[in-house]
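# Report on the structure
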Amino acid sequence: MKKLLSLLTVAIITLGNNDALAQSRNEANVATLYRTSAAVDNARIHMATFDTNVKKNNGSVFDYNWENCQIGAELFQGQSGLKVEYWCEKGFLSRVVYSCAGGDNAQRNEQ
């Protein structure tokens, strides 16, 4: 819980910087955080999109967003008793819908 509060504090401080409010429209600069589900097999649940336009010192906009996504994934994953996985992917949220009606035979439909 302390780690999660620390992450939120960093986010609030970052938002105080006007540059951090600028969003990148370039998919090559964006990182997206996903997680699995303890209740639904093969779930891919969107958690956050890191799309600021801020450059990392001696790096790129993508480096900055990717590092923040990885930090978020590590902080969430570090919670004790967790039965889900967190990971980052390059780019904006990809639309994926899972149909749970079939039980173990869940369908994955990309939209």
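Just above, that's the structure.
Here's what I pulled together on the structure shown here.

What counts, and at which threshold
- Residues numbered from 1 in each chain as written.
- Predicted model: local features only at pLDDT ≥ 70, side-chain atom pairs only at ≥ 80, totals over all residues.
- Heavy atoms only, no water.
- Phe/Tyr/Trp six-rings, centres within 6.5 Å; stacked < 30°, edge-to-face > 60°.
- Lys NZ or Arg CZ within 6 Å of the ring centre and 35° of its normal.
- Disulfide = S-S within 2.5 Å.
- Helix = DSSP H or I, 4+ residues; strand = E, 2+ residues; numbered from the N terminus.
- Buried < 20%, exposed > 50% of the residue type's maximum accessible area, 1.4 Å probe, protein only.
- Core = buried A, V, L, I, M, F, W, Y, C linked by side-chain atoms within 4.5 Å.
- Contact = heavy atoms within 4.5 Å.

What follows covers the packing of aromatic side chains. Summed over all chains, the structure comprises three aromatic pairs. Here the guanidinium or amino end of Arg 44 rests over the ring plane of Tyr 34, the centre of that ring lying 4.1 Å away.

Tallied over the full model, the rule gives one disulfide. A disulfide bridge connects Cys 69 with Cys 88, and the sulfur atoms are separated by 2.1 Å. Measuring handedness by torsion sign, the sulfur bridge of Cys 69 and Cys 88 sits at about -110° and is left-handed. Taken together, the positions of Cys 69 in helix α2 (residues 61-77) and Cys 88 in strand β3 (residues 86-90) put the pair 19 residues apart, joining distant regions of the chain. Looking at Cys 88, the relative accessible area reads 11%, which means it is buried.

Ranked by size, the top nonpolar core spans nine residues in total: Ala 31, Leu 33, Phe 50, Cys 69, Ala 73, Phe 76, Val 84, Tyr 86 and Cys 88. Every element with two or more residues in this core is listed here: β1 (31-35), α2 and β3. When residues no more than four places from it in sequence are discounted, the contact partners of Ala 73 are Leu 33, Tyr 86, Trp 87 and Cys 88.

Moving on, we get to unusual backbone geometry. Phi at Asn 42 is positive, roughly 60°, even though this residue is not glycine. Inspection of the secondary structure assignment puts Asn 42 in the loop between β1 and β2 (45-50). Its relative accessible area of 62% is what places Asn 42 among the exposed residues. One non-glycine residue, Asn 58, lies in the positive phi region at around 55°. Positionally, Asn 58 belongs in the loop between β2 and α2. According to the relative accessible area criterion, Asn 58 is exposed, its value standing at 87%.

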